[in-house]
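Listed below, chain by chain, are the residues.
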Amino acid sequence: MTALLPRRSDWAHVRWGRDLPAGLMVGLVALPLALGFGVSSGLGAGAGLTTAIVAGALAAVFGGSRVQVSGPTGAMTVILLPIVAAHGAHGVLVVGLLAGLILVGLGVLGAGRFMRYVPIPVVEGFTIGIAVIIALQQLPGALGVDAHGDKVLSATGSAIAAWVDHGDWMAPALTGAVLVAILILARVLPRWPVSLVVVVAATIVNSTLGLGAAPIGEIPTALPAPSLPTVPWAGVGDLLLPAVAVAALAALESLLSAAVADGMSMGQRHDPNRELFGQGVANLGAALFGGVPATAAIARTAVNVRSGASSRLAALAHALVLLVVMLVAATWVSEIPLAALAGVLIATAIQMVRVSSLLALLRATRSDAAVLIVTAAATVAFDLVTAVILGLVVAGFFALRQTAMTTRLEETPLPTEDHADDETREELALLDEHIVAYRIDGPLFFAAAHDFLLELVDVSNVRVVILRMSKVTTIDATGAHVLADTVGRLEARGVTVLLSGVHPQHRHVLTHIGIYDRLAHERHMFDHTPQAIDHARVHAARIAHTPTQQPDVSAT
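Residues numbered from 1 in each chain as written. Predicted model: local features only at pLDDT ≥ 70, side-chain atom pairs only at ≥ 80, totals over all residues. Heavy atoms only, no water.

**Observations regarding the packing of helix α7 (residues 170–188) against helix α13 (residues 338–352)**
Going by this rule: Helix axes use the C-alpha atoms of the stretch in contact, all axes being lines fitted to C-alpha atoms, and the angles between their N-to-C directions lie in the range 0 to 180 degrees. A run of H or I in DSSP counts as a helix once it spans at least four residues, and a run of E counts as a strand once it spans at least two, with each numbered from the N terminus. In what follows, roughly perpendicular refers to angles from 65 to 115 degrees, roughly parallel to angles under 35, roughly antiparallel to angles over 145, and oblique to any angle outside these ranges. Handedness of a crossing follows from how the near helix is turned relative to the far one, being left-handed for an anticlockwise turn of less than a right angle and right-handed for a clockwise one. Contact definition: two residues touch when any of their heavy atoms are within 4.5 Å.
α13 packs onto α7 with a crossing angle of 45° between their chain directions and a minimal axis gap of 8 Å. Comparing their axes, α13 and α7 come out oblique. Relative to α13, the crossing made by α7 is right-handed. Listed contacts from α13 to A171, L174, T175, V178, L179, I182, L183 and A186 of α7 are A339, A340, A342, G343, V344, I346, A347, I350 and Q351.

**Description of the confidence of the model for the protein**
Note the cut-off: Confidence per residue, as judged by the predictor, is encoded in pLDDT with a range of 0 to 100.
Scored by pLDDT, the protein comes out at a mean of 83, with 87% of its residues at no less than 70. Across residues 548–556, confidence stays below pLDDT 50; counting only partners more than four residues off in sequence or on other chains, it has 13 contacts.

**Remarks on the packing of aromatic side chains**
Keep this limit in mind: The aromatic pairing rule takes the rings of Phe, Tyr and Trp, using the six-membered ring of Trp, and pairs them if the centres are within 6.5 Å, calling planes under 30 degrees apart stacked, those over 60 edge-to-face and the rest tilted. Under the scheme applied here, a residue whose accessible area is under 20% of the maximum for its type counts as buried, over 50% as exposed, and between as partly exposed, the area being computed with a 1.4 Å probe on protein chains only.
Counted according to the given criterion, the structure contains 2 aromatic pairs. Judged by centre distance (4.9 Å) and plane angle (90°), the ring pair of W163 and W169 falls under edge-to-face. The exposure class assigned to W163 is buried, which follows from its relative accessible area of 17%. Since its relative accessible area comes to 65%, W169 is described here as exposed.

**Considering the sheet that holds strand β3 (residues 435–439)**
Note the threshold: Should DSSP find at least two bridges between two strands, the strands are taken to pair.
Taken in spatial order, the 4 strands line up as β3-β5-β7-β8 in an open sheet, and their pairing is parallel. With one partner strand each, in any of the chains shown, β3 and β8 (525–526) form the two edges of the open sheet. As paired strands, strand β5 (residues 464–468) and strand β7 (residues 496–500) are joined by 5 bridges and run parallel to one another. Bridging from a neighbouring strand, V464 pairs with T496 of β7.

**A short note on the environment of A387**
When you line up the elements, A387 lands in helix α16 (residues 384–405). Given a relative accessible area of 0%, A387 falls into the buried group. Separated by 11 residues in sequence, A387 and A376 place their C-alpha atoms 7.3 Å apart. Apart from residues no more than four positions distant in its own chain, A387 is found in contact with T375, A378 and T379.

**Looking at a nonpolar patch on the surface**
Stated formally: Candidate patch residues must exceed 30% relative accessible area and have no salt bridge, after which like charges are joined if within 9 Å and Val, Leu, Ile, Met, Phe, Trp or Tyr side chains if within 5 Å. Only the protein chains shown count as covering a residue, and every accessible area follows the Shrake-Rupley method with a 1.4 Å probe. Salt bridge criterion: a side-chain nitrogen from Lys or Arg within 4 Å of a carboxyl oxygen from Asp or Glu.
Together, V180, I184, V188, L189 and W192 line one region of the surface with nonpolar side chains, adding up to about 500 Å² of accessible area. Mapping V188 onto the fold places it in helix α7. According to the relative accessible area criterion, V188 is exposed, its value standing at 56%.

**Concerning α7**
Worth spelling out the cut-off: By definition here, a helix of n residues has an expected span of 1.5 Å times n minus one. What the arc describes is the spread of directions from the helix axis to the C-beta atoms.
For α7, built from 19 residues, the straight-helix expectation of 27 Å at 1.5 Å per residue is met to within 8% by its first-to-last C-alpha distance of 27 Å. Buried residues of α7: A171, L174, T175, V178, L179 and I182, and no others. Down the axis, α7 shows its buried residues gathered within 130° of arc, on one side only. Exposed residues lying more than 90 degrees from the buried face of α7 are R187 and V188. On its buried face, α7 sits against α5 (139–143), α8 (194–209) and α13.

**Structural notes on the environment of L20**
Tracing the chain through its elements places L20 in helix α1 (residues 16–41). Excluding residues within four positions of it along the chain, L20 makes contact with L313 and A317.

**Regarding the pairing of β7**
Counting buried residues in β7 gives 5 out of 5 residues, a clear majority hidden from the surface. What you see with β7 is no split at all: T496, L498 and S500 on one side and V497 and L499 on the other are buried throughout. Strand direction decides the pairing type here: β7 and β8, joined by 2 bridges, are parallel. Its bridge partner lying in β8, S500 is registered against F526.

**A short note on the pattern of salt bridges**
When their charged atoms lie close together, side chains carrying opposite charge are able to pair. All told, the structure shown has 3 salt bridges when counted by the stated rule. Salt-bridge contacts for R507 lead to D527; the nearest nitrogen and oxygen are separated by 3.3 Å. With R507 in helix α20 (residues 504–513) and D527 in the loop between β8 and α22 (529–544), this pair connects stretches of sequence that are 20 residues apart. Residue class for D527 comes out exposed when judged on its relative accessible area of 51%. One salt-bridge network, held together by shared partners, links D10, R274 and R312.

What follows is the structure, encoded as structure tokens:
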């Protein structure tokens, strides 16, 4: 626990002249995103702003990265909407508390190191799927209609149908103008909070010209007092699975964002376990203050780094900027049109997709492309946790297939005596004595065992087979079973089987599967191949002088 708590060295890199301006910039960029994601989550703009303040400050102090910025994100809203529909706003707060406890536990258990095992195509696929869902979620606000659905696709269909029946062109026009303006200005002025500038302009136009676009509604003028959510705690069991999904997403997105931050800043290396712990504390705090679950935000973190942030002070200053906005400008913020926020979030979704990275993965290998497409499609069709699990399963299948292809048994023609080296002459001599030695390279597991071990039973005119196991990297139960079957079938044909170079960690598997029981006796296991060869020659000579015991070499 001591390693996970804040320490004085966390503030060794503070540069006031760089961190405060960076915090101000991130705060201005985060304001419309916090409001928009709060609305998209179903708890309202105030909950999004509260989350950005509380979670942003706590993650800055307790997190494992000194330049990371946390708050509500589009990926989290994808999970939260079904929870709101099924359990209400208080259910979301309970889920936030449970997810915070899970994240704290993951940090204490040191689970941060497992992030590196998530393949890049899975991450990219789930990011693309999230971007599509965020864009689709904004259609009701962009069309100026009120539409709901259990799934994002059904809600999208309802929104389009409602707009065709009763909608007008004012809201879509405002959304389109905001979207185009942000995408253009972001290229021209990449270091400016263009989203905030465009939203302010859209709000002024909407109020001055009386366009009639619906505002986001009331914003609290102060942080609410912390309290436990008033929900029947007997029903917490129904919220446990959603809480696991929220915690899993928070862990994945936060650690991914921290890795991106490491790549953008010189000398920055995050502590993954402390990052999980910090995100857990941030989610606990956000839930107690009535906010939505939070994660680290890649877009805001990137703005923070590009603005020159060097310490946690920048992220803390970002939270203070948003707090000042809540205290002094809540009335003005409440007049922002929903259609304008929809344009901001659609632009954010578009900017999430890195076209160059997407094309690179699609062109890399067929397996990478398949994993990416499956994960992205599952994210849109099902949910994020299911999508990540499917992506990992598909990636694991291709990894096993690729590994299995590296494990093979090949027959290599031996040169004539005149052109052979010393090792080859020894192999020729063994063949003359009806002895053959096979070396098995790579993993001996279920994906590869059947393809080549069973070929050994077809050997002919051989009296002793030596299986050289020193190059075997992995043995699982299936591989050991096939090996046991091969040994038994060879021994039944009168062919003596010797094993050499078996690693100590593999002996345990072979013992329990019954390899030793299939061998003639325990002395057919050797540490080194030369010992096995000497023993094989004794067997071959004994069989040669006992014609009645010779194997039926014509059998196939």
